[in-house]
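Descriptive structure summary
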Amino acid sequence: MSEFVDRVTLHVKGGDGGNGAASIRREKFKPLAGPDGGNGGDGGSVIAVADSNATTLLDYSYMPHRIAQSGTMGLGDDKDGRQGADLILPVPVGTVIFEAPTKKQREDEARAKENGGADGEFTPRAHGKLLADLSHAGDRFVLAKGGQGGLGNRALSSKTRRAPGFALLGEPGEERDIVLELKSIADVALVGYPSAGKSSLIATMSAARPKIADYPFTTLVPNLGVVMAGHDRFTIADVPGLIPGAAQGKGLGLEFLRHIERTEVIAHVIDCATLDPDRDPISDYHALENELAQYAGSLDLPLGAIPIAERPRVIILNKIDIPEARELAEFVKPQFEDMGLTVMMISTATHEGLKELTFLLDAMVKELRAKIQESEAAREEEREVIHPLDMPNRRRRPGKDKGLGYDFEVERRQDSAGFWWEVTGDKPEQWVRQTNFDNDEAVGYLADRLAKLGVEKALRLRGAHIGDEVRIGRGDDAVSFDWDPTVAAGAEMLDGTPQSMRGTDIRLQDDGRAHRRTNAERRREYHEMMDARTAVRAAMAEERKAGHWADPAVNDDPNDEHGLLRRFDDTDWDGTEAYSDDDAASKQAHTADGADTAAQDAAQDEE
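The structure presented is a predicted model; accordingly, all values stated were derived computationally and were not measured.

The rules behind each value
- Residues numbered from 1 in each chain as written.
- Predicted model: local features only at pLDDT ≥ 70, side-chain atom pairs only at ≥ 80, totals over all residues.
- Heavy atoms only, no water.
- Helix = DSSP H or I, 4+ residues; strand = E, 2+ residues; numbered from the N terminus.
- Buried < 20%, exposed > 50% of the residue type's maximum accessible area, 1.4 Å probe, protein only.
- Pairing = 2+ DSSP bridges.
- Axes fitted to C-alpha atoms, helices over the stretch in contact; angles between N-to-C directions.
- Contact = heavy atoms within 4.5 Å.
- Arc of directions from axis to C-beta.
- Phe/Tyr/Trp six-rings, centres within 6.5 Å; stacked < 30°, edge-to-face > 60°.
- Lys NZ or Arg CZ within 6 Å of the ring centre and 35° of its normal.
- Polar contact = N/O pair within 3.5 Å; in protein donor to acceptor, adjacent residues only side chain to side chain.
- Core = buried A, V, L, I, M, F, W, Y, C linked by side-chain atoms within 4.5 Å.
- Parallel < 35°, antiparallel > 145°, perpendicular 65-115°, else oblique.
- Nonpolar A, V, L, I, M, F, W, Y, C, P; charged D, E, K, R; others polar.
- pLDDT = per-residue confidence, 0-100.
- Salt bridge = Lys/Arg side-chain N within 4 Å of Asp/Glu carboxyl O.

Attention now goes to the overall build of the chain. Within the chain, the secondary structure is distributed over 12 helices and 18 strands. When the 607 residues of the chain are sorted by exposure, 38% land in the buried category.

Encoded structure:
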């Protein structure tokens, strides 16, 4: 017989998204034909599916860590990455999914266990927020969503960004702890004190074979059985024995009391042959009803469910094969009937009254099923569904402050080390996760997106100053930087030149050769070229007449009198006179000019 496990804690993680690829297509006669980097594949998700063939959560107690397949990265030549396969986890019908309890809830649970339930408010198992209730076969719930694959430079290219040199990273998959809790779905629940004969009754009425012995708390796990009543069929559950104080944790406590939440009929199995002097059928019934009322007060029932206090009851007086027990059953039967309860006297040993009990339970189940269907149909008709006109991901959300962007919030945080501005939101945090901070162009692209979203405007309106620390995200995953609103995002790369514009490559620019000019364009360009040449010749002629420059065809200085070497010194480089005998007059004139200059300098010094 397999072990019964009805509560486990799972650590689930969705698959990571694949990184995008940054690649350039290379073709013959065109080595740089544009970006062709593919997108990364999306990661798989972890999904819980209600399966009618599953009966226990035992497999998940042995393997509590479940991880979905990750997507692969994109490649060049326009090849997208493969998507990760979803991980399907079959769970029994009736499984309820909660968030894992927080640290405070675990501390409260441990403190309550130490108190031992003396305060009457003992909660044996703490859990977080309710996520899903898989009450029908085929119900699905995504436990951990897979990460989105990053875009390649092919998808990032545009008219203004023709050759991106970067790609976006894949997002990591969602990772969290969840609690699976099984609440058996049965039509009839058998409740009663230990050793009241519940296991014997379910073994007699169905094919279930629970453990049966002559000591209390023989049944430690719920047992389900299928009962046939003619052509009809219903399920019956044997709930482990309850005692006074079960709602506060005594005995098995709430260990399996939650399995009564989904049953439609509650059958009290009362032992009329008990030897305990402090017990009798009437007091047993009131004691168990008191425990059910305390437990039902804290339940959040699903849509269409009937409260436990309003569900039909049937009293089953067992062990009437013993004479003293039969006599006691006949004595208390009128008292139960005066309370408006249906009473059946049976014996699991001789099978007396079992046939009548089977058809009675079948009639009660069918009647209650019809009421539940009517209630659900009425509530569905009252529900009004309103569909938004625009898509949720494109709907403007004003947030706490009007005009501060679409999907982010800016808050001022402070601790003992100082203060910082915290930017949170789905889009900014997603963009940060997808950015490769080792690539300057990718960082500039992130800055452009944040500026376009309105983050800088929101920080300015909040009162941020130059040099303040800004963090995008929460916790250890946050990215920190110093705010400088005077520098536009990516301005150092946007000076207008093709070499420095982000996402462009001069080698990919259109040089005009692919454009076929018309005859009119050719004539206009020819006349403009000839007019420019004529204007240049006229300007050069005017400069030559004015003496700004000489004609290379005419030798205006055959003796090189105005040459460059004549201006430095009157001697050659070897120390000889630089002037010839024929040029004595020029030498004397040069000497006289030098003497006059020296005399003028001496006169100025005397003054």
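Time to look at helix α4 (residues 198-205). Counting buried residues along α4, 6 of its 8 residues qualify, which places the element largely inside the surrounding structure. Among the residues of α4, K198, S199, L201, I202, A203 and M205 are the ones counted as buried.

What follows deals with the sheet that holds strand β2 (residues 46-51). Taken together, the 3 strands give an open sheet; going across it, the order is β4-β2-β7, and neighbouring strands pair in mixed fashion. Only two strands of the sheet have a single partner each, and these edge strands are β4 (87-92) and β7 (140-144). This sheet shows a mean twist of 30° between the axes of neighbouring strands, independent of strand direction. Relative to β7, β2 runs antiparallel, the two being bridged by 4 bridges.

Here the focus is the sheet that holds strand β9 (residues 188-191). Ordered in space as β10-β11-β9-β12-β13-β14, the 6 strands form an open sheet in which the pairing is mixed. Sheet topology places β10 (223-229) and β14 (342-345) at the edges, where each strand pairs with a single neighbour. For this sheet, the mean angle separating the axes of adjacent strands, direction not counted, is 25°. Packed on one face of the sheet, α4 meets β9, β10, β11 (232-238), β12 (265-271) and β13 (313-318) and runs near 155° to β11. Here helix α6 (residues 323-338) sits on the sheet in contact with β12, β13 and β14, set at roughly 170° to β14.

It is worth spelling out helix α8 (residues 426-433) at this point. Where α8 is concerned, the buried positions are P428, E429, W431 and V432. The buried residues of α8 occupy an angular sector of 160° when projected down its axis, which confines them to one face. Summarising the contacts, the buried residues of α8 are in contact with β16 (418-424), α9 (440-453), β17 (469-472) and β18 (479-482).

Time to look at the pairing of β13. Counting buried residues along β13, 6 of its 6 residues qualify, which places the element largely inside the surrounding structure. Note that β12 and β13 share 6 bridges and pair parallel. In the sheet register, I270 faces β13, and the bridge partner there is L317. Two elements, β13 and β14, share 4 bridges in a ladder whose sense is parallel. Bridge pairing links V314 to T342 in β14.

Summarising the element assignment, E264 is placed in the loop between β11 and β12. Those residues within four positions of E264 in sequence are excluded, and the remaining contacts are A186, D187, R311, P312, V365, L368, R369 and I372.

Burial of β10 is one-sided: the residues N223, G225, V227 and A229 facing one way are buried, the residues L224, V226 and M228 facing the other way are not. By the bridge criterion, 7 bridges tie β10 to β11 in an arrangement that is antiparallel. Paired with G225 across the two strands is I236, which belongs to β11. The hairpin formed by β10 and β11 contains 2 residues between the paired strands, and G230 there has a positive phi angle of roughly 70°.

With that settled, consider the packing of aromatic side chains. The description of an aromatic ring pair rests on the distance of the ring centres and on the angle between the ring planes. For the coordinates displayed, the defined rule picks out 2 aromatic pairs. Centre to centre, the rings of Y285 and F336 are 5.8 Å apart; their planes meet at 90°, and the pair counts as edge-to-face. Taken as a pair, Y285 in helix α5 (residues 281-296) and F336 in helix α6 lie far apart in primary sequence, 51 residues in all. We note that Y285, like F336, is buried. In this structure, R279 packs its charged tip against the face of Y193, placed 4.2 Å from the ring centre.

With that settled, consider the side chain of T95. Along the chain, T95 turns up in strand β5 (residues 95-99). For T95, the side chain forms a polar contact with the main-chain oxygen of P92, separated by 2.6 Å. Beyond its immediate sequence surroundings of up to four residues, T95 is in contact with L57, A132, D133, L134, L180, E181 and L182.

What follows deals with the nonpolar core. V188, L190, L201, I316, L357 and L361 are the most contacted members of the largest nonpolar core, which totals 23 residues. Tallying contributions element by element places helix α7 (residues 354-382) first for this core, with 5 residues. What V188 contacts, discounting residues up to four positions off in sequence, is F234, T235, I236, A237, T263, V265, A267, L361 and V365.

Time to look at the packing of α8 against α9. At a minimum axis distance of 11 Å, the contact between α8 and α9 shows a crossing angle of 175°. Taken together, the axes of α8 and α9 are roughly antiparallel relative to one another. Packed against α8, whose contacting residues are K427, P428, W431 and V432, the element α9 presents L446, R449, L450 and L453 at the interface. The residue makeup of the contact of α8 with α9, split by class, is 6 nonpolar, no polar and 2 charged.

In this structure, D78 takes a positive phi of about 60° despite not being glycine. Looking at the element boundaries, D78 is found in the loop between β3 (65-67) and β4. Look at H351: it is not a glycine, yet its phi comes out positive at around 65°. Relative to the helices and strands, H351 resides in the loop between β14 and α7. Residue classification places H351 among the partly exposed positions, given a relative accessible area of 49%.

Once that is clear, we can look at the confidence of the model for the chain. Confidence in the prediction of the chain, expressed as mean pLDDT, is 76, and 69% of residues score 70 or more. In this model, residues 117-124 is a region of pLDDT below 50 whose contacts with residues beyond four sequence positions or in other chains number 13 contacts. Counting interchain partners and residues more than four positions distant, the pLDDT-below-50 stretch residues 571-580 has 13 contacts.

Quick look at the pattern of salt bridges now. Taken as a whole and judged by the stated rule, the model has 18 salt bridges. Here D77 makes a salt bridge to R25, at a shortest N to O gap of 3.6 Å. With a gap of 52 residues between them, D77 in the loop between β3 and β4 and R25 in the loop between β1 (7-13) and β2 connect regions that are remote in the sequence. Among the residues examined, D77 registers a relative accessible area of 44% and is labelled partly exposed. Overall, R25 belongs to the partly exposed group, its relative accessible area being 24%. Between D80 and R154 there is a salt bridge whose closest N-O contact spans 3.0 Å. On the criterion of sequence distance, the pair formed by D80 in the loop between β3 and β4 and R154 in helix α3 (residues 153-156) is long-range, its members being 74 residues apart. In this structure D80 comes out as partly exposed when scored by relative accessible area, which is 46%. Overlapping salt bridges bring together R25, E27, D77, D78, D80 and R154 as one network.

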